[in-house]
Amino acid sequence: MKSLNRVVAISSLFVFALISFTSFASGWTRADEKTPIMDVKSMLEEAQEMELNSSTSEEIGMVLEAYLEIEKLDPNNYLALWKIGNYHMLMGAAHSQKTKKKKFHYREAIKYCEKAMFTNKDFAQSMNEGEEVSDACEKLTINEIDAMGYWYTSRFYYFKECLNPLGKVLNTRIVKENNVVIEHVDKLDPNWGGGGNYFSRALYYIATPEKFGGSMEKADEEFASAILSGPDYISNRWGRAKYLYSLTGNVEGFVSDMNWVLQQDPQQEGKPFAWNVYFQNDARMELEKLRGK
């Protein structure tokens, strides 16, 4: 009887492990070859104009719809595709509370960033021959850097926010594949996104258990590099306070970074307006929580 119970327990653990492995729908399998039936230039201009003052979930939803309409007419419009990915990532990070909803938005972000990468014919050929993104990414150029950057960032968000500790252990391949793409982005532009590579590596070191390579010290170094790369980017100091100082107990550094975030102009260049508003709203909330202790 004990042997039977042991077998059942082992079988249950094996099944749990299997369903814990994360897979993402391949964006490139959904890329169509339709020819645009109208000039989408004016639609792109309207969508970009909407971005300048959109910050609520409803407004961001409208921006997403605007870019999705462009995709319907021009399925290979690179700008529209990575923008859709970027705003799905924002919806997951800033406007979703439940894990199920976060998963949906991060998966959509990953899918659309892959579709944007697939507009590169050499990359597309490699993917059609069965290669993984991390293997084929060397075919991508500076022209696809935003798609690459937001692809791995969305996957890091998914890894950090949507997987439990066991899920992280079972899905370390996400991090390994991300690091390959990050290295390629480093070769093309090490300062992409005002320090986006450094920011994402910092998240990796924070989210990963120490015995698997995680390190608060290394995360601190990566955030310092991000700030050096993009000193005016609101995201860098917000991220250091939010994800690092809140864990290490550096209250002085936390308060200093969050106050700096609140003093910035959200309309500045760099991250889209909606992202900057999210960073500032979150900084305000985090400082209020600290004062309430």
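Keep in mind it's a predicted model, so treat the numbers as computed, not measured.

(A) Geometry of the packing of aromatic side chains. Scanning all chains against the criterion turns up 14 aromatic pairs. Here Y150 and W192 contribute two aromatic rings whose centre-to-centre distance is 5.3 Å and whose plane-to-plane angle is 70 degrees, an arrangement assigned as edge-to-face. With Y150 in helix α8 (residues 145-162) and W192 in the loop between α10 (172-188) and α11 (196-207), the pair connects residues that are 42 residues apart, well separated along the chain. On the basis of an interplanar angle of 40 degrees and a centroid distance of 6.4 Å, the ring pair of F156 and Y204 is categorised as tilted. Of this pair, F156 sits in helix α8 while Y204 is found in helix α11, placing the two residues 48 residues apart along the sequence. Each member of the pair, F156 together with Y204, is buried. In this structure, K168 is placed above the aromatic ring of F159, and the distance from its NZ or CZ to the ring centre is 5.9 Å.

(B) Representation of the environment of Q125 within the structure. Mapping Q125 onto the fold places it in helix α6 (residues 121-128). Sequence separation between Q125 and A136 is eleven residues; the distance between their C-alpha atoms is 9.0 Å.

(C) Structural detail: the side chain of R201. Residue placement: R201 occurs in helix α11. For R201, a relative accessible area of 16% puts it in the buried group. One polar contact links R201 to E222, side chain to side chain, over a distance of 3.4 Å.

(D) Highlighting the pattern of salt bridges. By the definition in use, this model includes 13 salt bridges. Across the pair R201 and D186 runs a salt bridge, and its minimum N-O distance is 3.1 Å. A residue pair is termed long-range when its members are at least 10 positions apart, and R201 in helix α11 and D186 in helix α10 qualify at 15 residues. Given a relative accessible area of 22%, D186 falls into the partly exposed group. Here R240 and D257 are joined by a salt bridge, their closest N and O atoms 2.8 Å apart. Of the two residues, R240 is situated in helix α13 (residues 234-248) and D257 in helix α14 (residues 251-262); the sequence distance between them amounts to 17 residues.

(E) Main features of α6. Regarding α6, the residues found buried are F123, A124, S126 and M127. With its buried residues spanning 160 degrees around the axis, α6 presents them on a single face. Projecting away from the buried face of α6 at angles above 90 degrees are the exposed residues K121 and N128. Of the surrounding secondary structure, the elements contacted by the buried residues of α6 are α5 (99-117) and α7 (133-136).

(F) Spatial organisation of a nonpolar patch on the surface. A cluster of nonpolar residues, L166, V169 and F212, forms a patch on the protein surface that exposes about 220 Å² of accessible area. Positionally, V169 belongs in helix α9 (residues 165-170).

(G) Inspection of the packing of helix α12 (residues 216-229) against α13 at higher detail. The contact between α12 and α13 brings their axes to 10 Å, and the two run at 165 degrees. With respect to each other, α12 and α13 are oriented roughly antiparallel. Crossing of α12 over α13 shows left-handed handedness. Contacts from M216, A219, D220, F223, A226 and I227 in α12 reach N236, R237, G239, R240, L244, Y245, L247 and T248 in α13. Of the residues assigned to the contact of α12 with α13, the class counts are eight nonpolar, three polar and three charged.

(H) Spatial organisation of the layout of surface pockets. For the largest pocket, the calculated volume is near 410 Å³. Looking at the lining of the largest pocket, the elements that each hand over two or more residues are α4 (78-94), α8, α13 and α15 (273-291). When its residues are assigned to classes, the lining of the largest pocket shows eight nonpolar, six polar and five charged. Roughly 310 Å³ of internal volume is contained in the second largest pocket.

(I) Region of the structure containing a negative patch on the surface. Residues E210, E217, D220 and E221 make up a contiguous surface patch of negative charge. Within the secondary structure, D220 sits in helix α12. Taking relative accessible area as the criterion, D220 reaches 32% and is therefore assigned partly exposed.

(J) Fine view of the packing of helix α2 (residues 41-51) against helix α3 (residues 57-73). With their axes 9 Å apart at the nearest point, α2 and α3 run at an angle of 165 degrees to one another. With respect to each other, α2 and α3 are oriented roughly antiparallel. Here the hand of the crossing between α2 and α3 comes out left-handed. Contacts between α2 and α3 involve M43, L44, A47, Q48, M50 and E51 on the former and, on the latter, M62, V63, A66, Y67, E69, I70 and L73.

Calculation criteria
Residues numbered from 1 in each chain as written. Predicted model: local features only at pLDDT ≥ 70, side-chain atom pairs only at ≥ 80, totals over all residues. Heavy atoms only, no water. Phe/Tyr/Trp six-rings, centres within 6.5 Å; stacked < 30°, edge-to-face > 60°. Helix = DSSP H or I, 4+ residues; strand = E, 2+ residues; numbered from the N terminus. Buried < 20%, exposed > 50% of the residue type's maximum accessible area, 1.4 Å probe, protein only. Lys NZ or Arg CZ within 6 Å of the ring centre and 35° of its normal. Polar contact = N/O pair within 3.5 Å; in protein donor to acceptor, adjacent residues only side chain to side chain. Salt bridge = Lys/Arg side-chain N within 4 Å of Asp/Glu carboxyl O. Arc of directions from axis to C-beta. Contact = heavy atoms within 4.5 Å. Patch = residues over 30% accessible without salt bridge, like charges linked within 9 Å, V, L, I, M, F, W, Y side chains within 5 Å. Areas by Shrake-Rupley, 256 points an atom, 1.4 Å probe, with all protein chains shown as cover. Axes fitted to C-alpha atoms, helices over the stretch in contact; angles between N-to-C directions. Parallel < 35°, antiparallel > 145°, perpendicular 65-115°, else oblique. Left-handed = near helix turned anticlockwise from the far one by under 90°. Nonpolar A, V, L, I, M, F, W, Y, C, P; charged D, E, K, R; others polar. 1 Å grid on protein atoms, 1.4 Å probe; cavity = no way out; pocket = protein on both sides within 12 Å on 5 of 7 lines; lining within 4 Å. Points joined across faces, edges and corners; volume = space filled by probe spheres on them. Lys, Arg positive; Asp, Glu negative; His and termini not counted. Charge placed at Lys NZ, Arg CZ, Asp CG, Glu CD.

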